[in-house]
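Residue-level listing of the chains:
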Amino acid sequence: MTKKGSLRKVKCVLLGDSQVGKTTMFNTCVINDENNKKADLCNCGSFNVTVDNTEYTIEIHDTAGNPTELKLISSLTFPRTDIFVLCYNVTNHTTLENVEEVWLKEIEKFRKKTKTILLGLKTDQRVDKGAHHKPVSYYQAKDFAEKHLLTGFTECCAFDPIRVENFKKFVVECHADDNKDNCVIQ
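Reading the values: rules and limits
Residues numbered from 1 in each chain as written. Predicted model: local features only at pLDDT ≥ 70, side-chain atom pairs only at ≥ 80, totals over all residues. Heavy atoms only, no water. Helix = DSSP H or I, 4+ residues; strand = E, 2+ residues; numbered from the N terminus. Buried < 20%, exposed > 50% of the residue type's maximum accessible area, 1.4 Å probe, protein only. Contact = heavy atoms within 4.5 Å. Pairing = 2+ DSSP bridges. Axes fitted to C-alpha atoms, helices over the stretch in contact; angles between N-to-C directions. Parallel < 35°, antiparallel > 145°, perpendicular 65-115°, else oblique. Nonpolar A, V, L, I, M, F, W, Y, C, P; charged D, E, K, R; others polar.

Student: An account of the overall build of the protein chain is needed here, citing residue identities and associated values.
Tutor: Per the secondary structure count, the protein chain includes five helices and seven strands. Listing the helices and strands of the protein chain from first to last along the sequence gives β-α-β-β-α-β-α-β-α-β-α-β. Within the protein chain, the proportion of its 186 residues that are buried is 48%. Sequence separation of at least 24 residues holds for 71% of the intrachain contacts in the protein chain that already meet a minimum separation of 6.

Right, dumping it as structure tokens:
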């Protein structure tokens, strides 16, 4: 049971290349909320999650995977963000490289006040296809998150309800614990 009046709001923005799984994750998180609206450049929705007897409303924004389009909305979407979630596809190294080359640069001026999580998506598709197409390993991504001083790192399959629920709680835990240097869940 949550304490009366203990509802807290957290603004979360999903960023990453097109086709990494951001929209699927967004839809899975907010699917039960009829108030959520779909837009072309930025979808916005919310969901509630309870952690340690405190209820949180997570306002989640699913952004365009094209940096040019993102520039059109970043001035409206980025301010007052509590957590940036940098997404990559675990089956595609380029999407993790772009987190460094594109997405971290997009949020640079906001990082001092905002926590940042690295989220590997499409874990259900992680298959080692040989020397020419190796997926991003859990440990490669974890090292990446540590190297870039990100608040946290986790991986998820948007079709696994338990992992999605763990992700929702992970967002809150990384946001709520100011003393936590690095949050990691597997």
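Student: Quick one: what's the story with the pairing of strand β4 (residues 83–89), residue by residue and with numbers?
Tutor: For a regular strand, side chains alternate in direction, first toward one face of the sheet and then toward the other. Most of β4 is tucked away: seven of the seven residues are buried. Of the two faces of β4, the one lined by Ile 83, Val 85, Cys 87 and Asn 89 and the one lined by Phe 84, Leu 86 and Tyr 88 are each fully buried. By the bridge criterion, four bridges tie strand β1 (residues 8–15) to β4 in an arrangement that is parallel. Within β4, the position partnered with Leu 15 by the bridge is Leu 86. Note that β4 and strand β5 (residues 115–121) share seven bridges and pair parallel.

Student: Describe the packing of helix α1 (residues 22–30) against helix α5 (residues 161–176), listing the residues and the values that go with them.
Tutor: Where α1 contacts α5, the axes come no closer than 11 Å and their chain directions differ by 85°. On the basis of the axis angle, α1 is roughly perpendicular to α5. Together, Met 25, Thr 28 and Cys 29 of α1 and Val 164, Phe 167 and Lys 168 of α5 make up the contact between the two elements. Looking at side-chain class alone, the contact of α1 with α5 contains four nonpolar, one polar and one charged residues.

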